[in-house]
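Residues per chain are reported as follows:
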Amino acid sequence: MSSSAVMVDIRGVHKSFGAHEVLRGVDLQVRASEVTVVIGPSGSGKSTLLRGINHLEKLDRGSVSIDGELVGYRRRGDKLYELKEREILRRRTRIGFVFQNFNLFPHLTVLENITEAPVSALGRSRSQATVRARELLARVGLADKERAYPRQLSGGQQQRVAIARALALDPRVLLFDEPTSALDPELVGEVLDVIKDVARAGTTMIVVTHEIGFAREIADTVVFMDDGLIVEQGPPEQVLDHPRQDRTRAFLAKVL
Ligand code: ADP
Ligand code: MG
(Lines give C-alpha, C1' and ligand atoms only; values in the text may rest on other atoms or scores of the structure.)
(Ligands and ions follow the chains in the order given, each with its own letter.)
Protein backbone atom coordinates (compact mmCIF):
# COMPACT_ATOMS: atom_id res chain seq x y z
CA MET A 1 0.00 0.00 0.00
CA SER A 2 1.48 3.33 -0.96
CA SER A 3 1.13 6.32 1.29
CA SER A 4 0.58 8.85 -1.48
CA ALA A 5 -1.84 11.73 -1.11
CA VAL A 6 -5.59 11.37 -1.51
CA MET A 7 -6.48 12.41 -5.07
CA VAL A 8 -10.23 11.79 -4.99
CA ASP A 9 -12.07 12.46 -1.76
CA ILE A 10 -15.76 11.54 -1.72
CA ARG A 11 -17.57 12.35 1.50
CA GLY A 12 -21.12 11.65 2.60
CA VAL A 13 -22.58 11.72 -0.89
CA HIS A 14 -26.35 11.47 -1.22
CA LYS A 15 -28.42 11.64 -4.39
CA SER A 16 -32.10 11.01 -5.02
CA PHE A 17 -34.18 10.94 -8.16
CA GLY A 18 -37.64 11.85 -6.94
CA ALA A 19 -38.39 9.60 -3.97
CA HIS A 20 -35.69 7.09 -4.96
CA GLU A 21 -32.49 7.56 -2.97
CA VAL A 22 -29.86 6.22 -5.33
CA LEU A 23 -26.76 7.18 -3.29
CA ARG A 24 -27.31 6.90 0.43
CA GLY A 25 -24.10 8.20 1.97
CA VAL A 26 -21.03 7.20 0.01
CA ASP A 27 -17.51 7.82 1.32
CA LEU A 28 -14.51 6.84 -0.76
CA GLN A 29 -10.91 7.97 -0.93
CA VAL A 30 -8.67 7.16 -3.86
CA ARG A 31 -4.95 7.80 -3.51
CA ALA A 32 -2.78 9.21 -6.27
CA SER A 33 -1.66 6.61 -8.82
CA GLU A 34 -4.00 3.97 -7.43
CA VAL A 35 -6.72 2.09 -9.27
CA THR A 36 -10.09 1.58 -7.62
CA VAL A 37 -12.47 -0.84 -9.29
CA VAL A 38 -16.17 -0.52 -8.47
CA ILE A 39 -18.38 -3.57 -8.88
CA GLY A 40 -22.01 -4.16 -7.99
CA PRO A 41 -25.39 -5.07 -9.39
CA SER A 42 -27.18 -3.07 -12.03
CA GLY A 43 -29.03 -0.16 -10.43
CA SER A 44 -26.77 -0.01 -7.37
CA GLY A 45 -25.70 3.58 -8.16
CA LYS A 46 -22.29 3.10 -9.77
CA SER A 47 -22.91 5.35 -12.77
CA THR A 48 -24.60 7.98 -10.62
CA LEU A 49 -21.54 8.02 -8.37
CA LEU A 50 -19.16 8.53 -11.31
CA ARG A 51 -21.40 11.22 -12.75
CA GLY A 52 -21.52 12.88 -9.35
CA ILE A 53 -17.72 12.98 -9.17
CA ASN A 54 -17.74 14.87 -12.45
CA HIS A 55 -20.67 17.07 -11.41
CA LEU A 56 -22.62 15.77 -14.40
CA GLU A 57 -25.06 14.86 -11.64
CA LYS A 58 -25.64 17.44 -8.95
CA LEU A 59 -25.36 15.96 -5.44
CA ASP A 60 -28.04 16.48 -2.79
CA ARG A 61 -25.56 16.23 0.04
CA GLY A 62 -21.85 15.59 0.55
CA SER A 63 -18.86 16.65 -1.48
CA VAL A 64 -16.28 15.46 -3.93
CA SER A 65 -12.85 16.99 -4.24
CA ILE A 66 -10.16 16.21 -6.73
CA ASP A 67 -6.61 16.97 -5.64
CA GLY A 68 -8.02 19.15 -2.89
CA GLU A 69 -10.40 21.17 -5.08
CA LEU A 70 -14.20 20.80 -5.13
CA VAL A 71 -15.54 20.18 -8.60
CA GLY A 72 -18.95 21.84 -8.69
CA TYR A 73 -18.92 24.06 -5.61
CA ARG A 74 -17.01 26.54 -3.55
CA ARG A 75 -17.05 26.45 0.19
CA ARG A 76 -17.83 29.42 2.37
CA GLY A 77 -17.88 28.57 6.07
CA ASP A 78 -19.90 25.37 6.36
CA LYS A 79 -21.88 25.99 3.21
CA LEU A 80 -21.31 24.95 -0.38
CA TYR A 81 -22.33 27.23 -3.23
CA GLU A 82 -22.58 25.94 -6.78
CA LEU A 83 -20.01 27.45 -9.12
CA LYS A 84 -20.78 29.13 -12.41
CA GLU A 85 -20.95 26.83 -15.44
CA ARG A 86 -17.71 28.17 -16.86
CA GLU A 87 -15.74 27.40 -13.71
CA ILE A 88 -17.33 23.95 -13.44
CA LEU A 89 -16.21 23.23 -17.01
CA ARG A 90 -12.69 24.34 -16.17
CA ARG A 91 -12.50 22.14 -13.08
CA ARG A 92 -14.05 19.23 -14.94
CA THR A 93 -11.03 19.16 -17.25
CA ARG A 94 -9.15 17.61 -14.30
CA ILE A 95 -11.30 14.53 -14.68
CA GLY A 96 -11.23 12.25 -17.70
CA PHE A 97 -14.42 10.29 -18.36
CA VAL A 98 -14.67 7.22 -20.58
CA PHE A 99 -18.25 6.16 -21.24
CA GLN A 100 -19.75 2.81 -22.07
CA ASN A 101 -20.84 4.03 -25.52
CA PHE A 102 -17.62 5.88 -26.40
CA ASN A 103 -19.42 9.22 -27.00
CA LEU A 104 -16.99 10.40 -29.67
CA PHE A 105 -18.02 13.42 -31.75
CA PRO A 106 -19.31 11.74 -34.94
CA HIS A 107 -18.63 14.70 -37.23
CA LEU A 108 -14.98 15.07 -36.14
CA THR A 109 -12.02 12.95 -37.22
CA VAL A 110 -10.13 10.88 -34.69
CA LEU A 111 -7.43 13.55 -34.44
CA GLU A 112 -10.01 16.35 -34.05
CA ASN A 113 -11.83 14.38 -31.35
CA ILE A 114 -8.61 14.33 -29.32
CA THR A 115 -7.48 17.93 -29.92
CA GLU A 116 -10.87 19.59 -29.43
CA ALA A 117 -10.89 19.90 -25.64
CA PRO A 118 -7.21 20.74 -25.13
CA VAL A 119 -7.64 23.63 -27.58
CA SER A 120 -11.08 24.86 -26.49
CA ALA A 121 -10.97 24.16 -22.75
CA LEU A 122 -7.26 24.40 -21.91
CA GLY A 123 -6.30 26.99 -24.50
CA ARG A 124 -3.46 24.92 -25.95
CA SER A 125 -2.27 25.76 -29.44
CA ARG A 126 -3.56 23.51 -32.21
CA SER A 127 -0.06 22.41 -33.15
CA GLN A 128 0.83 21.56 -29.57
CA ALA A 129 -2.45 19.66 -29.16
CA THR A 130 -1.81 17.78 -32.41
CA VAL A 131 1.66 16.65 -31.35
CA ARG A 132 0.27 15.33 -28.10
CA ALA A 133 -2.74 13.68 -29.82
CA ARG A 134 -0.40 11.79 -32.16
CA GLU A 135 1.66 10.54 -29.20
CA LEU A 136 -1.52 9.31 -27.52
CA LEU A 137 -2.81 7.66 -30.70
CA ALA A 138 0.47 5.78 -30.98
CA ARG A 139 0.13 4.73 -27.37
CA VAL A 140 -3.35 3.23 -27.94
CA GLY A 141 -2.18 1.57 -31.18
CA LEU A 142 -4.09 3.79 -33.62
CA ALA A 143 -1.39 5.97 -35.17
CA ASP A 144 -2.69 5.16 -38.66
CA LYS A 145 -6.30 6.21 -37.93
CA GLU A 146 -6.01 9.94 -37.24
CA ARG A 147 -8.01 10.94 -40.33
CA ALA A 148 -10.76 8.36 -39.84
CA TYR A 149 -14.22 9.23 -38.57
CA PRO A 150 -15.66 7.29 -35.61
CA ARG A 151 -18.18 5.39 -37.78
CA GLN A 152 -15.27 3.93 -39.78
CA LEU A 153 -13.79 2.31 -36.66
CA SER A 154 -14.69 -0.81 -34.70
CA GLY A 155 -16.12 -0.37 -31.21
CA GLY A 156 -12.78 -1.36 -29.69
CA GLN A 157 -10.96 1.22 -31.78
CA GLN A 158 -13.51 3.90 -30.89
CA GLN A 159 -13.08 3.18 -27.21
CA ARG A 160 -9.28 3.40 -27.57
CA VAL A 161 -9.75 6.83 -29.20
CA ALA A 162 -12.01 7.81 -26.30
CA ILE A 163 -9.25 6.84 -23.86
CA ALA A 164 -6.70 8.88 -25.83
CA ARG A 165 -9.14 11.81 -25.83
CA ALA A 166 -9.54 11.58 -22.05
CA LEU A 167 -5.77 11.44 -21.54
CA ALA A 168 -5.23 14.49 -23.75
CA LEU A 169 -6.41 16.71 -20.90
CA ASP A 170 -3.73 15.27 -18.57
CA PRO A 171 -6.46 14.54 -16.01
CA ARG A 172 -5.76 14.08 -12.30
CA VAL A 173 -8.11 11.11 -12.41
CA LEU A 174 -9.65 8.98 -15.11
CA LEU A 175 -13.16 7.55 -14.65
CA PHE A 176 -14.36 4.55 -16.67
CA ASP A 177 -18.02 3.54 -16.71
CA GLU A 178 -18.24 -0.05 -17.96
CA PRO A 179 -15.81 0.70 -20.79
CA THR A 180 -16.10 -2.72 -22.42
CA SER A 181 -19.73 -3.65 -21.89
CA ALA A 182 -20.90 -2.31 -25.27
CA LEU A 183 -18.20 -4.23 -27.15
CA ASP A 184 -18.31 -7.49 -29.03
CA PRO A 185 -16.46 -10.07 -26.92
CA GLU A 186 -13.50 -10.32 -29.29
CA LEU A 187 -12.83 -6.57 -28.91
CA VAL A 188 -12.83 -6.45 -25.11
CA GLY A 189 -9.20 -7.55 -24.70
CA GLU A 190 -7.66 -4.74 -26.76
CA VAL A 191 -9.46 -2.12 -24.67
CA LEU A 192 -8.59 -3.76 -21.35
CA ASP A 193 -4.94 -3.91 -22.47
CA VAL A 194 -4.92 -0.15 -23.10
CA ILE A 195 -6.53 0.53 -19.71
CA LYS A 196 -3.94 -1.69 -18.01
CA ASP A 197 -1.16 0.20 -19.77
CA VAL A 198 -2.57 3.54 -18.60
CA ALA A 199 -2.87 2.20 -15.05
CA ARG A 200 0.73 1.01 -15.05
CA ALA A 201 1.83 4.46 -16.15
CA GLY A 202 0.51 5.74 -12.81
CA THR A 203 -2.78 7.40 -13.70
CA THR A 204 -5.25 7.53 -10.82
CA MET A 205 -8.39 5.70 -11.88
CA ILE A 206 -11.86 4.67 -10.85
CA VAL A 207 -13.16 1.87 -13.06
CA VAL A 208 -16.69 0.50 -13.00
CA THR A 209 -16.62 -2.93 -14.61
CA HIS A 210 -18.08 -6.42 -14.54
CA GLU A 211 -14.77 -7.89 -15.75
CA ILE A 212 -13.72 -9.55 -12.51
CA GLY A 213 -10.49 -11.06 -13.86
CA PHE A 214 -9.44 -7.64 -15.06
CA ALA A 215 -10.35 -6.14 -11.67
CA ARG A 216 -8.13 -8.66 -9.96
CA GLU A 217 -5.24 -7.69 -12.23
CA ILE A 218 -5.38 -3.92 -12.04
CA ALA A 219 -7.16 -2.93 -8.84
CA ASP A 220 -5.37 -1.66 -5.77
CA THR A 221 -8.80 -1.50 -4.16
CA VAL A 222 -12.07 -3.19 -5.09
CA VAL A 223 -15.28 -1.55 -3.93
CA PHE A 224 -18.54 -3.47 -3.87
CA MET A 225 -21.63 -1.25 -4.09
CA ASP A 226 -25.19 -2.33 -3.51
CA ASP A 227 -28.34 -0.27 -3.16
CA GLY A 228 -26.59 3.09 -2.99
CA LEU A 229 -23.97 2.16 -0.41
CA ILE A 230 -20.45 0.81 -0.33
CA VAL A 231 -20.94 -2.57 1.28
CA GLU A 232 -17.35 -3.73 1.28
CA GLN A 233 -13.96 -2.54 0.08
CA GLY A 234 -10.39 -3.75 0.21
CA PRO A 235 -7.61 -5.30 -1.84
CA PRO A 236 -8.83 -7.56 -4.68
CA GLU A 237 -7.69 -10.76 -2.99
CA GLN A 238 -9.82 -9.89 0.01
CA VAL A 239 -13.01 -8.62 -1.65
CA LEU A 240 -13.00 -10.96 -4.66
CA ASP A 241 -11.62 -14.14 -3.10
CA HIS A 242 -12.60 -13.83 0.56
CA PRO A 243 -15.59 -11.48 0.72
CA ARG A 244 -16.82 -10.79 4.23
CA GLN A 245 -20.36 -9.75 3.34
CA ASP A 246 -23.12 -12.08 2.15
CA ARG A 247 -24.23 -9.58 -0.47
CA THR A 248 -20.75 -9.46 -1.99
CA ARG A 249 -20.60 -13.26 -2.04
CA ALA A 250 -24.01 -13.51 -3.71
CA PHE A 251 -23.06 -10.97 -6.37
CA LEU A 252 -19.75 -12.66 -7.16
CA ALA A 253 -21.45 -16.03 -7.41
CA LYS A 254 -23.59 -14.57 -10.20
CA VAL A 255 -20.86 -12.83 -12.22
CA LEU A 256 -17.94 -15.25 -11.87
P1 ADP B 1 -25.70 1.39 -11.99
O2 ADP B 1 -24.74 2.19 -12.80
O3 ADP B 1 -25.08 0.78 -10.77
O4 ADP B 1 -26.41 0.33 -12.81
P5 ADP B 1 -27.20 3.83 -11.86
O6 ADP B 1 -26.38 4.79 -11.09
O7 ADP B 1 -27.25 3.97 -13.33
O8 ADP B 1 -26.83 2.34 -11.43
O9 ADP B 1 -28.70 3.92 -11.37
C10 ADP B 1 -29.08 3.77 -10.03
C11 ADP B 1 -30.58 3.95 -9.94
O12 ADP B 1 -30.90 5.31 -10.22
C13 ADP B 1 -31.38 3.10 -10.90
O14 ADP B 1 -32.52 2.65 -10.25
C15 ADP B 1 -31.73 4.07 -12.01
O16 ADP B 1 -32.93 3.70 -12.62
C17 ADP B 1 -31.86 5.38 -11.26
N18 ADP B 1 -31.52 6.55 -12.08
C19 ADP B 1 -30.33 6.82 -12.64
N20 ADP B 1 -30.35 7.99 -13.31
C21 ADP B 1 -31.61 8.47 -13.18
C22 ADP B 1 -32.28 9.65 -13.64
N23 ADP B 1 -31.64 10.59 -14.37
N24 ADP B 1 -33.58 9.80 -13.31
C25 ADP B 1 -34.23 8.89 -12.56
N26 ADP B 1 -33.65 7.76 -12.09
C27 ADP B 1 -32.36 7.54 -12.39
MG1 MG C 1 -24.13 2.04 -14.78
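Just above, that's the structure.
Residues numbered from 1 in each chain as written. Chains lettered and ligands numbered in written order. Predicted model: local features only at pLDDT ≥ 70, side-chain atom pairs only at ≥ 80, totals over all residues. Heavy atoms only, no water.

Looking only at helices and strands, one finds 9 helices and 12 strands in the chain. The C-alpha atoms of the chain give a radius of gyration of 18 Å, which matches the 18 Å a tight globule of 256 residues would have. Evaluated residue by residue, the chain yields a buried proportion of 54% over its 256 residues. Across the chain, contacts joining residues at least 24 apart in sequence account for 64% of those joining residues at least 6 apart. In the structure as shown, the chain presents an accessible area of about 12200 Å², 46% of it carried by carbon and sulfur atoms. (Helix = DSSP H or I, 4+ residues; strand = E, 2+ residues; numbered from the N terminus. Rg over C-alpha atoms; globule rule 2.2 N^0.38 Å. Buried < 20%, exposed > 50% of the residue type's maximum accessible area, 1.4 Å probe, protein only. Contact = heavy atoms within 4.5 Å. Areas by Shrake-Rupley, 256 points an atom, 1.4 Å probe, with all protein chains shown as cover.)

Another point: the site of ligand 1. Taken together, Phe-17, His-20, Val-22, Pro-41, Ser-42, Gly-43, Ser-44, Gly-45, Lys-46, Ser-47 and Thr-48 form the complete shell of residues around ligand 1. Ser-47 is positioned with one of its side-chain polar atoms (N or O) 2.9 Å from an oxygen atom of ligand 1. Measuring from an oxygen atom of ligand 1, one finds a side-chain N or O atom of Thr-48 at 2.6 Å. Taken by itself ligand 1 offers 560 Å² of open surface, and the protein chains cover 59% of this. Looking at which element gives the most residues to the shell around ligand 1, the answer is helix H1 (residues 46-53), with 3 residues. Among the residues forming the shell around ligand 1, the class breakdown is 3 nonpolar, 7 polar and 1 charged. (Near = heavy atom within 4 Å. Polar contact = N/O pair within 3.5 Å; in protein donor to acceptor, adjacent residues only side chain to side chain. Nonpolar A, V, L, I, M, F, W, Y, C, P; charged D, E, K, R; others polar.)

Okay, the pairing of strand S2 (residues 20-31) next. Both strand S1 (residues 6-17) and S2 contribute to a ladder of 9 bridges, which runs antiparallel. Residue pairing across strands places Ile-10 opposite Leu-28, the latter belonging to S2. (Pairing = 2+ DSSP bridges.)

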